[in-house]
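Summary of the model geometry
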Amino acid sequence: MSSIPSTPVLDPQEIVRRIRAALPAEVTRAALHEPRFLGNEKRYLADCIDTGWVSYAGSYVDRFEQDLAAVCGVEHAVAVTSGTVALQVALHAAGVGSGDEVLVPALTFVATANAIVHAGGIPHFVDADEATLGIDPTALKTHLAEMAIRRDGKLYNRITGNRIAALLPVHVFGHPADMDTIKSLAADHGLTVIEDATEALGSFYKDRPCGSLSPIATLSFNGNKLVTTGGGGAILTDDAAMAKRLRHLTTTAKQPHRWAFVHDEVAWNFRLPNINAAVGVAQLERLSPMLEAKRILWQRYADAFADLRGLHVFKDAPFARSNHWLVSLILDQDHAHLLEPILTATNDAGLSTRPTWTPMHQLAMYRDHPRASLPVTESLAQRIVSLPSSPFLAAP
Ligand SMILES: *Cc1c(COP(=O)(O)O)cnc(C)c1O
């Protein structure tokens, strides 16, 4: 009998086999994204404890801020205790206040929307682009034409009557959104842009680092991000006056004085402690090899799944160089029914995979919020499987 090469069938066990084929043979179980501390973390932590500099002042916080600014191609970085508060303070400092709407993708982690609420604003959800997973500028333009109205130099939502104050693009899974198009749309409508680059440290849009693409941007260093400080975040800006204000707002708005406690506005205690920053400095020293490992891991997955029809490994848009924070499978529409079986089979096999987030407008607290029609978001939410993506799974 002649052997006819059979087309591999896309079934959940085949996905398990392909994931295993992309990973080193000795890996039996794999988390979605795990930190490893392979550099100077212990040494810098011991230094903090030995010297007593464990809290809100100390040389590692300053060094971490300088290193971050250099990596992201900006003048200033302000280190804070989480990505969520970084977003909250950035929105506040950008002038978002009570009752202001902020345009934000429905396909994001809940912290993005929550931060808008914490700043007094109202998240207004917009649709995603299948090519970037970020905001679709074409759909947004249409939505603005239908819904928004310009009055006295400000933009308003015709239906709710609220001011629309800002646009908050997210680089989903580290993949840059189409920022030039998004920014020119924002400029046409007088909207401030604040970049949620929390997942995109080390990613590039064209030749510019994510985090340097808008007047204010934010990063996160929680435990499953590419670089971790245990927990932490940062706000990035080129504007010296803004950086000064951000630092003031995140350190209780205390006026500098040798001993007097004088505070000049209601502010926060959000500064990143020195011990967290010490871990961050050591992690950043290894950013290049981590990015290299992520690129290799992405390539291994892309090769392992190349000949399987019905899905593909998400690939960057031509203008993007992603950090590949989470490598993801995108199922074709006619294979969306396999999402749950694939998640079950892979997790049963000890390979942590995850669907993307429940879209924001489907969460109880955001169900009645203003939004565009969200067909791509709703479709993608049923078709994304993020794969084990820790950089050490492909150490170069
Ligand atoms: C991680 C993350 C945040 C929040 O960061 P935390 O440090 O966990 O508060 C915000 N937005 C997105 C898109 C994220 O992935």
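Taken together, 16 residues surround the ligand, and among them Gly83, Thr84, Glu199, Ser220 and Lys225 come closest. Between the ligand and Asn222 there is a distance of 2.8 Å, counted from an oxygen atom to a side-chain nitrogen or oxygen. Against a free-state accessible area of 380 Å², the protein chains account for coverage of 93% of the ligand. When residues of the shell around the ligand are traced back to their parent elements, those giving at least two are helix 4 (83-93) and helix 5 (110-118). For the shell around the ligand, the element with the most residues is helix 4, which contributes three residues. The residue makeup of the shell around the ligand, split by class, is four nonpolar, nine polar and three charged.

A few words on the pairing of strand 4 (residues 148-151). Bridge count between strand 4 and strand 5 (residues 154-157): four bridges; the pairing is antiparallel. From the neighbouring strand, Ile149 faces strand 5, where its bridge partner is Tyr156.

Examined at the domain level, the chain breaks down into domain 1 (12-35 + 287-394) and domain 2 (41-284). Its C-alpha centre places domain 1 at a distance of 25 Å from the equivalent point of domain 2. Taken together, the contacts link 42 residues of domain 1 with 48 residues of domain 2. Carbon and sulfur atoms supply 67% of the area buried between domain 1 and domain 2, which totals about 3,800 Å² over both sides. Contact with domain 2 buries surface across domain 1, with Phe319, Trp325 and Trp357 losing the most and accounting together for 20% of the total. Taken together, domain 1 and domain 2 are joined by one salt bridge.

Rules used throughout
Residues numbered from 1 in each chain as written. Predicted model: local features only at pLDDT ≥ 70, side-chain atom pairs only at ≥ 80, totals over all residues. Heavy atoms only, no water. Near = heavy atom within 4 Å. Polar contact = N/O pair within 3.5 Å; in protein donor to acceptor, adjacent residues only side chain to side chain. Areas by Shrake-Rupley, 256 points an atom, 1.4 Å probe, with all protein chains shown as cover. Helix = DSSP H or I, 4+ residues; strand = E, 2+ residues; numbered from the N terminus. Nonpolar A, V, L, I, M, F, W, Y, C, P; charged D, E, K, R; others polar. Pairing = 2+ DSSP bridges. Domains from an automatic or database assignment. Contact = heavy atoms within 4.5 Å. Buried area = accessible area lost by both parts, 1.4 Å probe. Salt bridge = Lys/Arg side-chain N within 4 Å of Asp/Glu carboxyl O.

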